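Below, each chain spelled out in residue letters.
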Amino acid sequence: MAQGSESSRSGAILTPRRYQEEIFLKAQQGNVIAALDTGSGKTLISAMLIKWVSAQEGLKKKVVIFLVPKVPLVEQQGGFIARHTALRVAQVHGDVSASVTDRTRWNDLFVQSDVLVTTGQIFLNVLTHSHWSMDKVSLLVFDECHHARKSHPYTSIMREYRACPEADRPKVFGMTAIPTWKSSAPETSLETLEMNLNSKIVTVQEHLDELALHSSKPTEVVREFPAPPQTYFEYPIPTIWSRFDWSQVPAAVEIPWQQLENRYSYTLATLGIFAAELYLYSDLQTRISEYLHPRDPDEMELLRLRYLYASISDEGTGPPIRSVPELQGLAEVLAEYQPFFDHIPSDEDASAPWSFSVDWCAPKVQTLIEILLESYTPAFHGIVFVERRHIARVLSSLISRVPVLRSIITCAECVGHGSEDKGIGGGMPTNRQRQTVNDFREGKVNLLIATPVAEEGLDFPACDVAVRFDAIHGMVGYVQSRGRTRHVSSNYVIMVQEKNTAEIDRYRSLSESEPHIKQLYQAGTVRLVPEVQDNDEGEESKADYVYPTDLAKRERYTVPSTGAVLTYNSAIALLEQLCSLIPCDAFMPAQKPRYSGDFVAAVRLPSMLPLPSEHLVYEGPHKHSKKEAKRAVAFKAVKALHGLGVFDDYLLPAHGKRNNLVDEDLDHADAVVKIPEMMDVVVRAPWTPGSRLWSHPVSMNGKRVAALITGTVLPSTSFVCEGTALALDEGQLVQFDVAMEDHQRKLLQDYTDLGLWWRVSARPRSTPLSCFLVPLVLTSSQPDFRAIEDILEKPHGSYDWAGVDESAYGHVLAMNNMHHGRPYLLQNIRHDLTPLSKPSDSDRGGGFPTFWEYFKWLLRKRKRGNVPEVPTQGPLIEVSYVPRQISRSYQLQPYDADVEIVPGGSVKLYLMPLASTRLFSMPEDMFTLFGLFPRLLHRIQDVWRAREARICLSLPPILDDRLIEATTLPAASAGFNNQRLETLGDSVLKLSTSVHLYNKYPHCHEGQLDSMRRRAISNRTLMLRAKAIGLEHYLNAEVQTVKVWPTVVAEDSPSLKDPTRTDRTAKQRMARRSLQDCMEATIAAGYLSGGITVALQVGTALGLNFGGPVPWTLRYAPLPYVQLAPERYSRLQDVLGYEFQHAELLQEALTHPSFWSGGKSYQRLEFLGDAVIDLAVMTYLFNKFPRANSGQLTSLRCRVVCGPVLAFVAVQILGLHEFILAEHEELASAVVKYASILRATSCHDIVMQSWAHDPPKVMSDVLESLVAAILIDSGYNFEKTICIVDAIMDCVLEVLYLDLPPDPVSAFFVWAAKAGCQRICLRKSCSRADLKQNDTVCVIVHDITVVGPVTASSLSVARAFASERARMVLQDAGSEKALGRICDCMQVQEDKPPGMESSHDENVDESTEPGFAAVARSTVAKFRDPQGDQEQPGADGGASGSEDLQENDEQGVTV
């Protein structure tokens, strides 16, 4: 680590020392290994080199790879480089790295990074699968590079380095404190390391004094301790070991007693009697608790019996307990010792019976205590190195109990990660290890008890003392552990038992050989020769040794198209990865390749791989070692499977062959990153002026009324709006008078402006209109310019009321001077009233002497100069307010034809003076049409854009309304959107892709097919395809409120400067995710327009992975022969209403993977059938619930397309459980057992309580595979297949209703909220002290435990049962815990003063009463409006005006 740990961590600028610059200069000149002591600043040298390399002109597009041997070092070294360079640093390790199959994420990672810090194994995987290549690396940094030997990933990476052309190889820089791993024959170790890393070992030669000043060595002390006693007479209580005979425990109890005895004996000899007993107590507590409280395989059945089927008064509690008398007796014994071991005494406990005594510790521990006391300073830091994890944990606990250390030492253990040990000898979670290391750095912990995991790499503060509690085994351990003490005053203590001369001699050998080793590499010369293997067998197994003749014959295969590399070292892992993707259930263990033979090995692949039998077994060549023979046959198998397409060209097992559509998406993976979350899009729009204009007759209720004129030929269309039938007919070119064309064009503008001002929006606009609505000549469909001019002569109306009689009532617009800009409809002339008449008491002006005075009072707030005169003469008139139409929403037909238009109610009338009121002469049909103009334009634009999309995107003939719905975004608030279609389209997409992949990759198993499908239908893929075809240009995102008239020439349009130019575009802003939603919705629109055949054409036009537009019935040839199913399947076929033509398909559909007959299992069919059922059910729901929104459709589908419900159909309707072919006794028994449960369950209960069932997966799998078999057997007749699915699932589908809550927890929230109780909570806890996550739930109501504790294998299951049971209990009037008996919330709410309402969102934790209430309210809101986003604006007969145009009751006298 670089000098100044505190500075390193704080990010302070570090100035390199001269000896660091010396090494840096050598690294610039060639590949070097920097051999410097711990703490001398090697990482800073690497950072300097990284910055220098990254600045080189020819290397800027390459990546620096910084490799470390352990996960904790990734974050440590990555953080250091990020702090001390300006480069983009990515940290990748097992916890956060992308999947090895996720090429997109790997590509993004390299593109967006300058430096990648990772472990050697991860980078080796990257090279193997060609996610990156060696020629794209500028610098390879190997931290702790002494690991580069034998089969370590560092060595394999350097093999790939040598395979790269020399001119393209990266620079290499290694770092280590000790470049040799053994003290004997160090020359060989040094030479091997230099050859393996293709580098020269260098050290400081010119600035040794400065190096010595900054890398001080501690004082090394050998501390002897006496041998442990045979007995501990002072120990006050009987030992646990003496009170129990583990040989009496049944062999079925899986507790490693011999291992426990060995560890107990070792701990006794090393730490003493108390520590040995503490180990035994802690280890047994964990193991016995887990064994006595198992996760019962029948857990769901027990929970159902206890919480669903039991009476309200009969409820058991607590988790099931396994009956093992011997273990229960031991558990009782351990309970007696709990106060002794679980209690860590304080100073006040000195006289307590459990007070700890150092006399119970071995002499070795007592000596350690003395060392710590001698070394202690106020800023003390120390490390004690031990070899075993359980010793680290016990010794840490022991130190914390020592009275003399309790006030000065804060102790913690630090051990490695990996281990399957269920006791206290297990590994340490990564997060906990990271926290422990941070606590030690920050001084919260000042003593670490650590295994060798803390010897190297980790950045610790310089310690006052490092103690080798256990023996030193090698040069690396000796140097690395000593490096933790870097002060001159520090001590490095080696603890050795008295008279143990062998251990003392080993230490002295290491100590004396170190100077000699340093002399070797300080004076050494470069000895770079071709790669040889390290044959040292002193520390590692001989199994890694490869005979020279075998090494010479090793093959290496590089995929030409991608550069992915297959080697002997990677082949075994690739086969295991392939097999790991094979789906398995509780009755099928994880599948692995089986190897046999010795020096000629063979490998048999699992039969569940859908390969011909001759491709499931491979035999390799003869080798001189068993391990090499295994590598050779694995290499042969992977190479052959790649040829079959089982491995793709990246040697990944789940993505098909090269150049398939799935993989092509990854070539453009970075495109998604470049698409912003919110996109500014140029969409197609028909409204433009242009040199030529077309006149389109508009009919209203069958009568031609006006002409719609614009520079685009518009499509003929019709629709119903507010009960009025509107139609647009075919257009024709406008014939202008050549001499008057400019004037006539202005007339079109002015007339349309006037109509908009009266009926739509009075707000000004800054640019010309792009479409016009004007009167037409009926005989020619041309604009009626004479009628236009007549209206424009008096644009704001006339005071001439001559000839106005009752025939004009309800048909003429008027406007009063007192309310200029507000249109009214004349309803009556009151010749019996004048402004000087007295208002009646019922009039709004009642109380005023005259109407005139009331009108003046209304005008009191007007500014001087703007107050109109109120006449005193003439009659009053009755008018009704005509709201301006600012909404563009209309209803799709016929899908929304069931939407009832609600009458607007009685007309409110106002009195106004006739003398101050003007009449507007525009015909009633015209001003009525102007009121519908925004909706007419919206409809025409939608149809035009849909037809443009159909032509430009080569879509098949999709119905206009369906395509409009598919391309309308929710943000448009149009009264309809694409979310329902998107949900349906998701199912169509899934099935269409599944059929294609199923047939294209006959040798891929279900796991591979599923992985390919997920990638093919992912949002990323859909987004890329949408961008590739330009789908965004045809989407409808315009808002529906017209505050400023939208169909105008844009300010940046070329038409603004030159009106003769056409510009059929508009700018819109939309979310990026709109792209994938519209892709799925468009597929659904095709499906609804013409079935799966049209959907295939749509998907192909959109560039999706559907295999082409050819219908399945023509694309896939029928099976070559007919073989009817045997007689035993006749009843099944009768129920299905279908007779199989190919018996082998039916048999395959019913064959579990455990049944080995040389044939196929149902797994591939299950993959296909899952998609068929999904679409069949979604189609049913889509048609049955036309008002359901997307979320409701998804929720309802999940209710029936789930394992328990499908298993119910398989058993109750078809009896499939009787036909399953399996060779697994437990599976057969489980199927029979659960079939009886399902037969006793009703359709209603299985749908409502599916969450409470967990039948064996095979029971639902066979139904899915059977449906797929029908699809294939029928020649891919999808319509026939879904008819069969509908028929067999009818009983469960009929149970569904629209506002059905998706789960019991949501149902409980809804019920509780409606009941009005504010004092409910779900209290969570752990059923056992050793658990790390909650698994138990209690329902508390008014501080009374109504249900619980309910314990299950997962918290979600416990919540579900607890919620359902609580609802049953609380709503049962006969229960003592009925809500009506224990809740007084409604009374409290009535008594609560105003303003005391509880907040809705302050607390969302359901374990608290306010949090539960908030979640309940939120859940109710989701189900309150079952129509959700399908609500139709404007259904009341018209939208109201904008805020500044709203009707004011004080603007006239209300009649």
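Values in this document were obtained by computation on a predicted structure and should not be read as measured data.

A.B. asks: In this structure, what is going on with the overall build of the chain? I would like to understand it.
C.D. replies: Helix and strand counts for the chain stand at 51 helices and 35 strands. Within the chain, counting contacts between residues at least 6 apart in sequence, those at least 24 apart form 75% of the total. As presented, the chain carries roughly 60,500 Å² of accessible surface, and 51% of it is formed by carbon and sulfur atoms.

A.B. asks: Sorry, what's going on with the nonpolar core here?
C.D. replies: One broad trend across soluble globular proteins is that nonpolar side chains are buried collectively. By size, the foremost hydrophobic cluster in this structure holds 180 residues, and its most contacted members are Phe933, Leu1136 and Met1289. Among residues more than four places away in sequence, those in contact with phenylalanine 933 are Leu708, Thr752, Leu756, Cys771, Leu773 and Trp1045. Ranked by size, the runner-up nonpolar core spans 92 residues in total, among them Leu36, Leu116, Val117 and Met475.

A.B. asks: Help me understand the pattern of salt bridges, please; the structure alone is not making it clear to me.
C.D. replies: For side chains bearing opposite charge, pairing can occur when the charged atoms are close. Evaluated as defined, the whole model comprises 45 salt bridges. For arginine 223, the salt bridge identified is with glutamate 370, shortest N-O distance 3.5 Å. One end of the pair, arginine 223, is in strand E8 (residues 219-225); the other, glutamate 370, is in helix H15 (residues 363-375), with 147 residues separating them in the sequence. We classify glutamate 370 as partly exposed; its relative accessible area is 40%. Of the charged contacts, one joins aspartate 925 and lysine 703 as a salt bridge, the two residues approaching to 2.6 Å between their closest N and O atoms. Placement of aspartate 925 in helix H29 (residues 924-952) and of lysine 703 in strand E21 (residues 703-710) is noted, with a sequence separation of 222 residues between them. Among the residues examined, lysine 703 registers a relative accessible area of 48% and is labelled partly exposed.

A.B. asks: Help me understand the packing of helix H47 (residues 1304-1315) against helix H48 (residues 1355-1370) in this model?
C.D. replies: Axes are the key here: two packed helices are described by the angle between their axes and the distance separating the axes. Closest axis-to-axis distance for the H47/H48 pair is 8 Å, and the angle between their directions is 35°. Crossing handedness for the pair H47 and H48: left-handed. Residues Pro1304, Val1305, Ala1307, Phe1308, Phe1309 and Trp1311 of H47 form the contact with H48, whose own contacting residues are Arg1359, Ala1360, Ser1363, Glu1364, Ala1366, Arg1367 and Leu1370. A per-class count over the contact of H47 with H48 returns nine nonpolar, one polar and three charged.

A.B. asks: What exactly am I supposed to notice about helix H4 (residues 71-84) here?
C.D. replies: Because an α-helix packs 3.6 residues into every turn, residues spaced three or four apart end up facing the same way. If you check H4, its first and last C-alpha atoms are 21 Å apart, about what 14 residues at 1.5 Å a residue would give, namely 20 Å. Among all positions of H4, only Leu73, Val74, Gln76, Gln77, Gly78, Gly79, Phe80, Ile81 and His84 are buried.

A.B. asks: How should I be thinking about the state of the cysteines in this particular structure?
C.D. replies: A covalent bond between the sulfur atoms of two cysteines is referred to as a disulfide. Under the defined criterion, the tally for this structure stands at zero disulfides. Here cysteine 1243 stays unpaired: no disulfide links it, and the sulfur of cysteine 1291, its closest cysteine neighbor, is 3.2 Å away. Residue classification places cysteine 1243 among the partly exposed positions, given a relative accessible area of 23%.

A.B. asks: Would you explain the sheet that holds strand E17 (residues 600-604) in this entry?
C.D. replies: Sheet strands pair via backbone hydrogen bonds, and the direction of the pair is either parallel or antiparallel. Strand order in the open sheet formed by three strands is E16-E17-E18, with antiparallel pairing between adjacent strands. On the outer flanks of this sheet lie strand E16 (594-596) and strand E18 (617-622), each paired with one strand and no other. The mean angle between the axes of side-by-side strands here comes to 20°, regardless of whether they run parallel or antiparallel. Relative to E17, E16 runs antiparallel, the two being bridged by three bridges. Bridge pairing in E17 links serine 596 to alanine 602. Running over the sheet, helix H23 (residues 626-644) touches E16, E17 and E18 and is turned about 135° from E18.

A.B. asks: Quick question: what am I supposed to make of the environment of valine 394 here?
C.D. replies: Residue position: valine 394 is located in helix H16 (residues 389-401). Taking the C-alpha atoms as reference points, valine 394 and isoleucine 424, 30 residues apart in sequence, are found 8.9 Å from one another. Ignoring anything within four residues of it in the chain, the contact list for valine 394 reads Leu271, Ala275, Leu278, Tyr279 and Ile424.

A.B. asks: I would appreciate a short explanation of unusual backbone geometry in the present structure.
C.D. replies: Note on backbone geometry: most residues besides glycine have negative phi, and most peptide bonds are trans. Cis geometry is adopted by the peptide bond preceding proline 1349, which originates at glycine 1348 and carries an omega value of 5°. Its identity is not glycine, yet histidine 1342 carries a phi of approximately 50°, on the positive side. Locating histidine 1342 in the fold gives a position in the loop between strand E33 (1336-1341) and strand E34 (1344-1351).

A.B. asks: Would you explain the sheet that holds strand E3 (residues 89-92) in this entry?
C.D. replies: On the basis of which strands lie adjacent, the open sheet formed by seven strands has the order E3-E4-E2-E5-E6-E1-E7 and parallel pairing. Every interior strand has two partners, whereas the edge strands, E3 and strand E7 (200-202), have only one. Averaged over all neighbouring strand pairs, the angle between strand axes comes to 20°, with direction disregarded. Pairing between strand E5 (residues 137-143) and strand E6 (residues 171-176): five bridges, direction parallel. The residue bridging aspartate 143 from the neighbouring strand is methionine 175, located in E6. Strand contacts of helix H5 (residues 103-111): strand E2 (63-68), E3 and strand E4 (115-119), with the helix running at about 145° to E3, the strand carrying the most contacts. Those strands touched by helix H6 (residues 120-128) are E2, E3, E4 and E5, and its axis lies near 110° from that of E4.

A.B. asks: Sorry if this is basic, but what is going on with a nonpolar patch on the surface here?
C.D. replies: Taken together, the side chains of Leu302, Leu305 and Tyr309 present a nonpolar region at the surface, about 280 Å² in accessible area. If you trace the backbone, leucine 305 turns up in helix H12 (residues 299-307). Its relative accessible area of 46% is what places leucine 305 among the partly exposed residues.

A.B. asks: What's the story with helix H7 (residues 153-163) in this structure? I'm lost.
C.D. replies: Most of H7 sits out of view: nine of its eleven residues are buried. Residues of H7 that are buried: Pro153, Tyr154, Thr155, Ser156, Ile157, Met158, Glu160, Tyr161 and Arg162.

A.B. asks: I tried to follow the packing of aromatic side chains on my own but got confused; where do I start?
C.D. replies: Each pair of aromatic rings is reported with the distance of its centres and the angle of its planes. All told, the structure shown has 43 aromatic pairs when counted by the stated rule. Relative to tyrosine 492, the ring of tyrosine 478 lies with its centre 6.1 Å away and its plane at 55°, an arrangement referred to as tilted. Of this pair, tyrosine 478 sits in helix H19 (residues 475-482) while tyrosine 492 sits in strand E13 (residues 491-497), placing them 14 residues apart in sequence. The burial state of tyrosine 478 is the same as that of tyrosine 492; both residues are buried. Here tyrosine 1116 and tyrosine 1276 contribute two aromatic rings whose centre-to-centre distance is 5.0 Å and whose plane-to-plane angle is 45°, an arrangement assigned as tilted. Of this pair, tyrosine 1116 sits in the loop between helix H36 (1112-1115) and helix H37 (1130-1136) while tyrosine 1276 sits in the loop between helix H44 (1257-1273) and helix H45 (1278-1288), and the two are 160 residues apart along the sequence. The pair tyrosine 1116 / tyrosine 1276 is uniform in exposure class, with both members buried. Among the aromatic residues, those joined into a cluster by ring pairs are Tyr235, Phe274, Tyr281, Tyr337, Phe340, Phe341, Phe356 and Trp360. Directly above the aromatic system of tryptophan 132 lies the positively charged group of lysine 136, at a separation of 4.9 Å from the ring centroid. When the ring centre of tyrosine 266 is taken as origin, the NZ or CZ atom of arginine 388, which lies over that ring, is 3.7 Å away.

A.B. asks: Teacher, can you tell me more about the confidence of the model for the chain here?
C.D. replies: Low-confidence regions, as indicated by low pLDDT, have predicted coordinates that should not be scrutinised in detail. With 86% of its residues at a pLDDT of at least 70, the chain reaches an overall mean of 83. Segment residues 347-353: pLDDT under 50, and five contacts once partners within four positions in sequence are set aside and those in other chains are kept. Every residue in residues 1425-1455 is under pLDDT 50, and counting partners more than four places away or in other chains gives 104 contacts.

Criteria and thresholds
- Residues numbered from 1 in each chain as written.
- Predicted model: local features only at pLDDT ≥ 70, side-chain atom pairs only at ≥ 80, totals over all residues.
- Heavy atoms only, no water.
- Helix = DSSP H or I, 4+ residues; strand = E, 2+ residues; numbered from the N terminus.
- Contact = heavy atoms within 4.5 Å.
- Areas by Shrake-Rupley, 256 points an atom, 1.4 Å probe, with all protein chains shown as cover.
- Core = buried A, V, L, I, M, F, W, Y, C linked by side-chain atoms within 4.5 Å.
- Buried < 20%, exposed > 50% of the residue type's maximum accessible area, 1.4 Å probe, protein only.
- Salt bridge = Lys/Arg side-chain N within 4 Å of Asp/Glu carboxyl O.
- Axes fitted to C-alpha atoms, helices over the stretch in contact; angles between N-to-C directions.
- Left-handed = near helix turned anticlockwise from the far one by under 90°.
- Nonpolar A, V, L, I, M, F, W, Y, C, P; charged D, E, K, R; others polar.
- Expected span 1.5 Å × (residues − 1).
- Disulfide = S-S within 2.5 Å.
- Pairing = 2+ DSSP bridges.
- Patch = residues over 30% accessible without salt bridge, like charges linked within 9 Å, V, L, I, M, F, W, Y side chains within 5 Å.
- Phe/Tyr/Trp six-rings, centres within 6.5 Å; stacked < 30°, edge-to-face > 60°.
- Lys NZ or Arg CZ within 6 Å of the ring centre and 35° of its normal.
- pLDDT = per-residue confidence, 0-100.

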